[in-house]
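The residues making up each chain are set out below.
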Amino acid sequence: MRALRVVLTACILFVLASTAPASAQNADRPDFVGTWVLDLDASAFGPSPPPDSARIVVERADDHVVMTRISYVRGENTVRFDMPADGEVHQAITDDGSTDARAEWDGSTFTLWLVAEANVGDVDVSELWDIGPEGSRLTVDRTIDVPGFGEFEQTLLYSRRQ
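In this report, we go over the structure that sits alongside the text. Starting afresh in each chain, residues are numbered from 1 along the sequence in its written order. Under the rules for a predicted model, residues below a pLDDT of 70 receive no local features and side-chain atom pairs below 80 are neither given nor counted, while totals for whole chains, interfaces and linings still include all residues. Here the side-chain values reflect all heavy atoms present in the structure, with hydrogen atoms and water set aside.

## Regarding the packing of aromatic side chains
Each Phe, Tyr or Trp ring, with Trp reduced to its six-membered ring, pairs with another whose centre is within 6.5 Å; inter-plane angles below 30 degrees give stacked pairs, above 60 give edge-to-face pairs, and intermediate values give tilted ones. Enumeration over the complete set of coordinates arrives at 6 aromatic pairs. Measuring from centroid to centroid gives 5.2 Å for Phe110 and Trp129, while their planes differ by 75°, and the two rings are edge-to-face. Highlighted residues: Phe110 in strand 7 (residues 109–118) and Trp129 in strand 8 (residues 121–131), separated in sequence by 19 residues. Think of it in three bands: with a 1.4 Å probe and only protein chains considered, a residue is buried below 20% of the maximum accessible area for its type, exposed above 50%, and partly exposed in between. On the basis of relative accessible area, Trp129 is assigned to the buried category, the value being 3%. Note on criteria: charge over ring means Lys NZ or Arg CZ within 6 Å of the ring centre, with the direction from the centre no more than 35 degrees off the ring normal. Positioned over the ring face of Trp113 is Arg102, at 4.1 Å from the centre of the ring. Secondary structure elements are taken from DSSP: a helix is a run of H or I of four residues or more, a strand is a run of E of two residues or more, and numbering for both begins at the N terminus.

## Some thoughts on the nonpolar core
Among buried residues, those of type Ala, Val, Leu, Ile, Met, Phe, Trp, Tyr and Cys that are joined through side-chain atoms within 4.5 Å constitute a nonpolar core. Ranked by size, the top nonpolar core spans 32 residues in total, and within it Phe32, Met67, Phe81, Phe110 and Trp129 carry the most contacts. The criterion used for residue contact is that any of the two residues' heavy atoms lie within 4.5 Å. Sequence-distant contacts of Trp129, defined by excluding residues within four places in its chain, comprise Phe32, Ile56, Val58, Met67, Arg69, Thr109, Phe110, Leu138, Thr139 and Val140.

## Some details on the sheet that holds strand 9 (residues 137–146)
Each pair of strands is called paired provided DSSP finds at least two bridges between the two strands. Pairing in this closed barrel of 10 strands is antiparallel, and the strands run 1-2-3-4-5-6-7-8-9-10 around the ring. Here the average twist between neighbouring strands, direction ignored, is 25°. Bridge count for strand 3 (residues 64–72) against strand 4 (residues 76–84) is 9 bridges, and the pairing is antiparallel. Bridge assignment links Ser71 to a residue of strand 4, and that residue is Asn77. Fitted lines through C-alpha atoms serve as axes, helices being fitted only where they are in contact, and the angles separating the N-to-C directions of these axes extend from 0 to 180 degrees.

## Quick look at the side chain of Gln154
With respect to the helices, strands and loops of the structure, Gln154 is situated in strand 10 (residues 150–161). Within polar-contact distance, the side chain of Gln154 engages the backbone oxygen of Phe45 at 3.1 Å. Not counting residues up to four positions away in its chain, the partners in contact with Gln154 are Ala44, Phe45, Ser48, Val140, Asp141, Arg142 and Ile144. Residues adjacent in sequence count toward polar contacts only when both atoms are side-chain atoms; beyond that, a polar contact is any pair of N or O atoms within 3.5 Å, and within protein one must be able to donate a hydrogen and the other to accept it.

## A word on the pattern of salt bridges
Each reported salt bridge corresponds to a side-chain nitrogen of Lys or Arg within 4 Å of a carboxyl oxygen of Asp or Glu. Counted under the stated rule, the structure contains 6 salt bridges. Residue Arg137 is joined to Asp39 by a salt bridge in which the shortest nitrogen-to-oxygen separation is 3.4 Å. Taken together, the residues span a long stretch of sequence, with Arg137 in strand 9 and Asp39 in the loop between strand 1 (34–38) and strand 2 (53–61) at a distance of 98 residues. Salt-bridge contacts for Asp62 lead to Arg60; the nearest nitrogen and oxygen are separated by 2.8 Å. Asp62 gets classed as partly exposed once you look at its relative accessible area, which sits at 28%. Several salt bridges share partner residues, and in doing so they unite Arg69, Glu127 and Arg142 into one network.

## Structural notes on the environment of Val37
With respect to the helices, strands and loops of the structure, Val37 is situated in strand 1. Each C-alpha atom, one on Val37 and one on Ala54, is 6.2 Å from the other, the two residues being 17 residues apart in sequence. When sequence neighbours within four positions are dropped, the list of residues in contact with Val37 reads Ala54, Arg55, Leu157, Tyr158, Ser159 and Arg161.

## A short note on the pairing of strand 6 (residues 97–106)
Pairing of strand 5 (residues 90–94) with strand 6, which is carried by 5 bridges, proceeds in the antiparallel orientation. Looking at strand 6, one finds that Thr94 is bridged to Gly97. Here strand 5 folds back onto strand 6 in antiparallel fashion, the turn holding 2 residues. Here strand 6 pairs with strand 7 via 6 bridges, running antiparallel. Each bridged residue has a counterpart across the sheet, and for Asp106 the counterpart in strand 7 is Thr109.

Right, here's the structure in full:
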């Protein structure tokens, strides 16, 4: 009976020890869940014209990302992400079909990459997400590489909608 108790205790300690690092790592990640509305006046769009409006609805942002990005430029444009945040290529759903996308965490930094089809070819977009210490401001530093035009940067500032 004592041997069984020792084995059970060892198993419980092993399970706790193996899950603690993942839980601790997730605790360092900011909480992106919520609705984020683009602040057009505070954002920097580079040579690209700003949208009429935009928002991101994040339902989940841990080891799996579930979010919808909606922007209004000559009509509504939607991209839906529902994929693991594992750095591997997955499909994001767009108004026109799907596109390649990757998401991953590096500590508390969330990175998102996607390929957008355009009339000039495939446009590569990479984003670094950071949330302010108060949790109400999201900064998305975006780099866009357009074939034949080159690379430019945007800084998009979002406010959390209550």
